[in-house]
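# Examining the three-dimensional arrangement
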Amino acid sequence: MAKKLEWVDQEIAALKENGLYNNIRTLSSPQGDWLTVDGKQVLNFCSNNYLGLANHPGLVAAAREALLKYGIGPGAVRSIAGTMDIHLELEKRFAKFKGVESAITFQSGFCANLATIPALVGKEDIIFSDELNHASIIDGCRLSGATNVKFVHADPGALEQTIRDNEGKYRRGLIITDGVFSMDGDIAPLDKYADVAEKHDLMLMVDDAHGEGVMGRGGRGIVDHYHLHGRVDVEIGTMSKAFGVMGGVVAGNAKIVEWLRQRGRPFLFSSAATPPDVAACIAAIDVLEENNDLVNQLWENTRFFKREMGGLGFDTGVSVTPITPIMLGEAEMAQLFSKQLFDEGVFAMPLGFPTVPKGKARIRVMISAAHTQDDLDKGLAAFEKVGKALGVIK
Ligand SMILES: *Cc1c(COP(=O)(O)O)cnc(C)c1O
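We now turn to the structure provided with this report.

The rules behind each value
Residues numbered from 1 in each chain as written. Predicted model: local features only at pLDDT ≥ 70, side-chain atom pairs only at ≥ 80, totals over all residues. Heavy atoms only, no water. Phe/Tyr/Trp six-rings, centres within 6.5 Å; stacked < 30°, edge-to-face > 60°. Helix = DSSP H or I, 4+ residues; strand = E, 2+ residues; numbered from the N terminus. Buried < 20%, exposed > 50% of the residue type's maximum accessible area, 1.4 Å probe, protein only. Lys NZ or Arg CZ within 6 Å of the ring centre and 35° of its normal. Pairing = 2+ DSSP bridges. Contact = heavy atoms within 4.5 Å. Axes fitted to C-alpha atoms, helices over the stretch in contact; angles between N-to-C directions. Core = buried A, V, L, I, M, F, W, Y, C linked by side-chain atoms within 4.5 Å. Domains from an automatic or database assignment.

Moving on to the packing of aromatic side chains. Under the counting rule described, the total for this entry stands at 12 aromatic pairs. Seen from their ring centres, Phe 337 and Phe 383 are 5.6 Å apart, and the 35 degrees between their planes marks the pair as tilted. Highlighted residues: Phe 337 in helix H14 (residues 331-343) and Phe 383 in helix H15 (residues 373-389), separated in sequence by 46 residues. Accessibility assignment for this pair places Phe 337 and Phe 383 in one class, buried. These aromatic residues form a ring-pair network of at least three members: Phe 45, Phe 305, Phe 314, Phe 337 and Phe 383. The ring of Phe 342 carries the charged tip of Arg 25 above its face, separated from the ring centre by 3.8 Å.

Our next topic: the sheet that holds strand E2 (residues 40-44). For sheets, the rule is that strands pair by backbone hydrogen bonds, running either parallel or antiparallel. Taken together, the 3 strands give an open sheet; going across it, the order is E1-E2-E11, and neighbouring strands pair in mixed fashion. Every other strand in the sheet has two partners, leaving strand E1 (34-37) and strand E11 (346-347) as the edge strands with one partner each. Alignment of E1 against E2, held across 4 bridges, turns out to be antiparallel. Note on E2: the bridge partner recorded for Trp 34 is Leu 43. Across the sheet, H15 is in contact with E1, E2 and E11; its angle to E2 comes to roughly 100 degrees.

In this section: the nonpolar core. With 86 residues, the main nonpolar core has Phe 45 and Phe 383 as its most contacted residues. With 10 residues, helix H12 (residues 275-290) is the single largest residue contributor to this core. When residues of this core are assigned to domains, at least three map to each of domain 1 (22-50 + 292-389) and domain 2 (57-290). Filtering out sequence-adjacent residues up to four positions away, Phe 45 remains in contact with Phe 305, Val 346, Phe 347, Ala 348, Arg 364, Val 365, Met 366, Ile 367, His 371, Leu 376, Gly 379 and Phe 383. The next biggest cluster of nonpolar side chains, apart from the first, holds 25 residues, and it includes Ile 117, Ala 119, Cys 141 and Phe 267.

This is the structure:
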């Protein structure tokens, strides 16, 4: 008997022993405020479908139309025969929406980070990276081969000190941060970083995955939120969260976008996004440009839910966005809480170590514009019932 794969069994057993094994639930309904999860109807407090666009009739119709006109597959990478007119239309529309010079799309936000970071910096260069940056940023930094220096989370003073400590030791430098941090729902002090970047002549990049469609005027993102137009070199975005579809995007300085068309490896070596996806992304921009109703609804729901949760006595952490962590301490408590919520018909996932620090386990509620007042009331009632039963609130 060959033993070469025994290590997998051991690793899996260790995950299960430590409570780190991912039990993945299965949906059999479209995204929306209510879902069918493992055969049960539950209120959805888990998905990144911030504006309810994932099953929006306008997006579905646009995808269907593109399917009939262009077919299903892209057939090639962007740089050979995979660039269709709709890919270019999406890039133009996105750049205009964001108020930037230029934009280029990728297959996902994850790909956008893997494409961009190694195209901007290499072995002789340095990256200053927030210690809580997203996994796709971390992987992009590793791939680049540049020296990777972490700085204390959301601390411009620490960033500047780190830059001083490394003065003269590199060719080019790049500052990278998440815009919105997905575990705590706090945001980067990007205005301060822009000052630091300019002072030290460093490139500045922000990953706006949870800010797109959420922050700024009409959901134009974190750069718009701080009025930093033209001062951030690269914005990474995703069309898989608030946009409700699938895809990544890099927006910003035209020189960088042009460079990525030549040297962004997933652009050159992985096939283009499918026509229905691209058409649906364009339709999402149509919806966002039409009016601010969905973005306003998202924030109204967020303010209501946080206020009521605070009133019940829950600790909702430091979030300033629709991401609402309910701080519960130990991982076992978060898991138990989530399980009891599910029994009450509410789907909200627990997060524990190593996703968040030890002792800071939580349930993360993702508020959406798709939630009705009735949904939010039902969710709050379930939190109150379980919170009292488990002694989290009085
Ligand atoms: C979700 C996320 C991504 C990945 O986006 P996808 O389009 O889902 O690949 C990248 N960066 C951050 C900060 C994210 O939250």
